[in-house]
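The chain contents come next:
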Amino acid sequence: MTTTLRPAGPEDRRDDGGRARTYEVCVNSRPVGRISLATDARLGLSAGRITDLRIDERDRHRGRATVAALAAEEVLRGWGCRRISVDVPATAEVALRLAAALGYTEHSRRMLKELTTPPGLPAGSADRPLGAAEYPDWLAAAHAYYVDVQVANGMSRERAEHCSAEDHRRLLPDGPASAHQSLRVLTHEGADVGTVWTTTYHPDRPGGYVMDVRVAPEHRGCGHGRTLMLVAERETLAAGRTVLGLNVYADNPQARGLYETLGHRPTEYTLRKLLL
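Everything quoted here is computed from the prediction, not taken from an experiment. (Residues numbered from 1 in each chain as written. Predicted model: local features only at pLDDT ≥ 70, side-chain atom pairs only at ≥ 80, totals over all residues. Heavy atoms only, no water.)

(A) Just the pattern of salt bridges, in detail. Counting across every chain of the model gives 29 salt bridges. A salt bridge links R234 to D127, with the nearest nitrogen and oxygen atoms 3.2 Å apart. Here the residue R234 occupies a position in helix α5 (residues 224–238), and D127 occupies one in strand β8 (residues 125–129), the gap between them amounting to 107 residues. Classification of R234 by relative accessible area gives partly exposed; the value is 29%. D127 gets classed as buried once you look at its relative accessible area, which sits at 18%. With a closest N to O distance of 2.9 Å, R214 and D212 form a salt bridge. R214 sits in the buried class, given a relative accessible area of 17%. One connected set of salt bridges, linked through shared partners, spans R30, R58, D59, R62 and R64. (Salt bridge = Lys/Arg side-chain N within 4 Å of Asp/Glu carboxyl O. Helix = DSSP H or I, 4+ residues; strand = E, 2+ residues; numbered from the N terminus. Buried < 20%, exposed > 50% of the residue type's maximum accessible area, 1.4 Å probe, protein only.)

Here is the structure:
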């Protein structure tokens, strides 16, 4: 039997050169599922994504998804993509095993914690709002951190600069007074030791979401990162939300370990593979 991809409709072309198309997965011309591909809107035209892959139940466990995923790589190579990514729910064990077998590795994971009671802070620690006079310096540092992280994870510096500016402008139009945003400073025994930005509005992410958490270099290694996460929990509950989410990259096992000890569990993995 021969498994092939057959276009299910016209290709979608964006003004910026982005592309997307859905294909039927066929066995001897018989449709057995669908796969949707697109260039990555954030990383640019050299990065492709599998946005959806479904095999009909009666045709599962016969290697159809494996062949479809390999065929998708050829399509994306033809589009000029040099890497491919896919988001897989943490509960989709079969899909995770398939991705691993095909050479995908974890790039990042989204994690979630259900909240009940506002936690207390350690002795000597307190939090306060980020002041308007402090905001420009905080924003400059947040922008630089965002750009460095995205460049380290494969985004061009030019694109990272643009995405950072757009994201901060969209979410923080009024600085620390922006609606649905919490910018807090952690103090310990009178000294400012770190900041945390928590948003309680995001269409694709229910509850609160940690956008940025940073401990001042001279105060690292003292447990303040954990305390900042407790501040984020308190801010989320104060906004009437009962779950807190975040994203952590695979090359930051220390942060991942912290989130796990605080009770965060993975909900989705972003997996990537280079297209040689």
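Structure's up, so let's keep going.
(B) Spatial organisation of the environment of H61. By secondary structure assignment, the location of H61 is in the loop between β5 (44–55) and α1 (64–78). Expressed as a C-alpha distance, the spacing of H61 and G124, which sit 63 residues apart in the sequence, is 57 Å.

(C) The arrangement of the nonpolar core in detail. Core analysis: the largest hydrophobic core is formed by 26 residues, its most contacted members being I35, L37, I50 and Y104. Elements represented by at least two residues in this core include exactly β3 (19–27), β4 (30–40), β5, α1, β6 (83–89) and β13 (265–274). If sequence neighbours within four positions are ignored, I35 has contacts with L5, R21, T22, Y23, V25, I50, D52, L53, A68 and A72. Grouped together as the second largest cluster of nonpolar side chains are 19 residues, M229, L230, L237 and V248 included. (Core = buried A, V, L, I, M, F, W, Y, C linked by side-chain atoms within 4.5 Å. Contact = heavy atoms within 4.5 Å.)

(D) Representation of the packing of helix α3 (residues 135–152) against helix α4 (residues 157–171) within the structure. At their nearest, the axes of α3 and α4 sit 9 Å apart, and the two run at 140° to each other. Here α3 lies oblique to α4, going by the angle between them. As for the relative orientation of α3 and α4, their crossing is right-handed in sense. Residue-level contacts link L139, A142, H143, Y146, V147, D148, Q150 and V151 of α3 to R157, A160, E161, C163, S164, A165, D167 and H168 of α4. (Axes fitted to C-alpha atoms, helices over the stretch in contact; angles between N-to-C directions. Parallel < 35°, antiparallel > 145°, perpendicular 65-115°, else oblique. Left-handed = near helix turned anticlockwise from the far one by under 90°.)

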